[in-house]
Amino acid sequence: MARAKVLVTRAWPAEVEARLAAGYEVTLNPSDTALTLAELIAAAADYDAILPTVTDRIGAEVFAGVPRLRILGNYGVGFSHIATDAAKAAGVVVTNTPDVLSDCTADIAMTLILMAARRAGEGERLVRSGQWTGWRPTQLVGRKVSGAVLGIVGFGRIGQALAHRAHHGFGMRVLVQNRSAVAPEVLAACGAVQVDTLDDLLPKVDVLSLHCPGGAANRHLIGAAALGRMRPDAILVNTARGEVVDEGALAAALASGQIAAAGLDVYEAEPRVTPALMGMENVVLLPHLGSATHETRAAMGHRVVDNLDAFFAGENPPDRVV
Ligand SMILES: NC(=O)c1ccc[n+]([C@@H]2O[C@H](COP(=O)([O-])OP(=O)(O)OC[C@H]3O[C@@H](n4cnc5c(N)ncnc54)[C@H](O)[C@@H]3O)[C@@H](O)[C@H]2O)c1
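Everything quoted here is computed from the prediction, not taken from an experiment.

## Remarks on the sheet that holds strand 6 (residues 149-153)
- Read across the open sheet, the 7 strands follow the order 8-7-6-9-10-11-12; overall the sheet is parallel. Edge positions in the sheet fall to strand 8 (192-194) and strand 12 (283-285), since each of these pairs with one other strand and no more. Along the sheet, successive strands turn relative to each other by an average axial angle of 15 degrees, direction set aside.
- Here strand 6 pairs with strand 9 (residues 207-210) via 4 bridges, running parallel. When the bridges of strand 9 are listed, glycine 151 appears paired with leucine 208.
- Contacts between helix 4 (residues 102-118) and the sheet are confined to strand 6, strand 9, strand 10 (235-238), strand 11 (261-264) and strand 12, with strand 10 contributing the most and set at about 150 degrees to the helix.

Below, the structure is given as structure tokens:
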């Protein structure tokens, strides 16, 4: 039987590329840059499977013809960059990679909380600039994390992994807001309390960390109105998706002192960052590092291939999202 034709849109860990090549007719994108829409449309006509990442904007146009494409094995858990309704209508299966990246993404959220609260980015820049003149009682004084109230928006896999770290590791008090009710035992496991609405949550938190999906439903969930309900000493952390935060409104809130600081791993128009944020000392900016460890990137790749193997064996892929 002919082997399925598979396109990998970005460079993957070598061990996963080797596993993939053993079972499929694989094309790797040699440039390791994001494919254009035209390239994705052409690929849908040529390949049985495309294995995209967050940098591939897979709009409805990709499914508009009569594609050869049968499955999109997304390399990542978030899939708001894929027009899943159009995929479903075209009979194209979409899978993702849940769980295997939760710990590392929660680690990056905790990193941003600590860096923003303790002004670590400012401190590092001071030392590197050669301007540090020695220890002083009033220099770069930040906020204490232990005992602070952490508000988590979206209490799924990553939100819960962060809550465990923050509560058990750092003594933070955790409030959560989730689209649906969270089981009492899940809340109790990380000392968390669920509040009903985002409006209830915002004025209560020292740190707000976002862990809901992106996409149209959550676009600008945190905009001028939400930022206006936060306390002036509060910190916003976003490791979810850039579109969840109105970046212009965030820059304005930081400039006016409406909130104190921010830590960002994701941006509205990656890799572009709103210029005003680039010049602010009280903002920590990371280049979408959530899942970026060797172990996790390999595990994500194996998870994609597990789903692909199941699909081409005629089974329902374990991480099917449509
Ligand atoms: N920075 C990174 O590199 C990185 C890495 C992995 C995942 N992510 C992002 O993190 C997101 C969460 O991943 P996960 O595995 O925890 O997903 P998940 O599906 O387990 O959890 C998401 C939770 O958010 C809730 N939710 C959805 N909309 C909401 C809203 N408006 N208000 C409150 N709660 C809402 C859902 O009910 C769910 O409980 C992904 O969708 C992805 O976009 C980013």
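## Quick notes on the site of the ligand
- Taken together, the neighbourhood of the ligand is formed by 26 residues, with Ile158, Asn178, Asn218, Thr239 and Asp265 sitting nearest.
- Here arginine 241 contributes a side-chain N or O atom positioned 3.4 Å from an oxygen atom of the ligand.
- Aspartate 265 places a polar side-chain atom, nitrogen or oxygen, 2.9 Å from a nitrogen atom of the ligand.
- In isolation the ligand exposes 880 Å². Once the protein is present, 87% of that is buried.

## Observations regarding the domain arrangement of the protein
- Per the domain assignment, the segments making up the protein are domain 1 (5-100 + 294-312) and domain 2 (102-285).
- One C-alpha centre belongs to domain 1, the other to domain 2, and the line joining them spans 31 Å.
- Every contact between the two is made by 8 residues of domain 1 and, on the other side, 7 residues of domain 2.
- Both sides of the domain 1 and domain 2 interface together cover about 620 Å² of buried area, and 47% of this is carbon and sulfur.
- At the surface where domain 1 touches domain 2, the tally comes to 0 salt bridges.
- Its residues placed into classes, the side of domain 1 that touches domain 2 shows 4 nonpolar, 3 polar and 1 charged.

## Section: the pattern of salt bridges
- For the coordinates displayed, the defined rule picks out 15 salt bridges.
- In this structure, the salt-bridge partner of arginine 19 is aspartate 306, at a minimum N-O distance of 2.8 Å. Of the two residues, arginine 19 sits in helix 1 (residues 14-23) while aspartate 306 sits in helix 12 (residues 294-312), which places them 287 residues apart along the sequence.
- Judged by its relative accessible area of 27%, arginine 19 is partly exposed.
- As a salt-bridge pair, arginine 143 and aspartate 233 come within 3.3 Å of each other at their nearest N and O atoms. Pair noted here: arginine 143 is in the loop between helix 5 (120-129) and strand 6 and aspartate 233 is in the loop between helix 9 (224-229) and strand 10, with a separation of 90 residues, a long-range link.
- Residue class for arginine 143 comes out partly exposed when judged on its relative accessible area of 41%.
- One continuous salt-bridge network, built from bridges that share partners, spans Arg143, Asp206, Arg231 and Asp233.

Basis of the calculations
- Residues numbered from 1 in each chain as written.
- Predicted model: local features only at pLDDT ≥ 70, side-chain atom pairs only at ≥ 80, totals over all residues.
- Heavy atoms only, no water.
- Pairing = 2+ DSSP bridges.
- Helix = DSSP H or I, 4+ residues; strand = E, 2+ residues; numbered from the N terminus.
- Axes fitted to C-alpha atoms, helices over the stretch in contact; angles between N-to-C directions.
- Contact = heavy atoms within 4.5 Å.
- Near = heavy atom within 4 Å.
- Polar contact = N/O pair within 3.5 Å; in protein donor to acceptor, adjacent residues only side chain to side chain.
- Areas by Shrake-Rupley, 256 points an atom, 1.4 Å probe, with all protein chains shown as cover.
- Domains from an automatic or database assignment.
- Buried area = accessible area lost by both parts, 1.4 Å probe.
- Salt bridge = Lys/Arg side-chain N within 4 Å of Asp/Glu carboxyl O.
- Nonpolar A, V, L, I, M, F, W, Y, C, P; charged D, E, K, R; others polar.
- Buried < 20%, exposed > 50% of the residue type's maximum accessible area, 1.4 Å probe, protein only.

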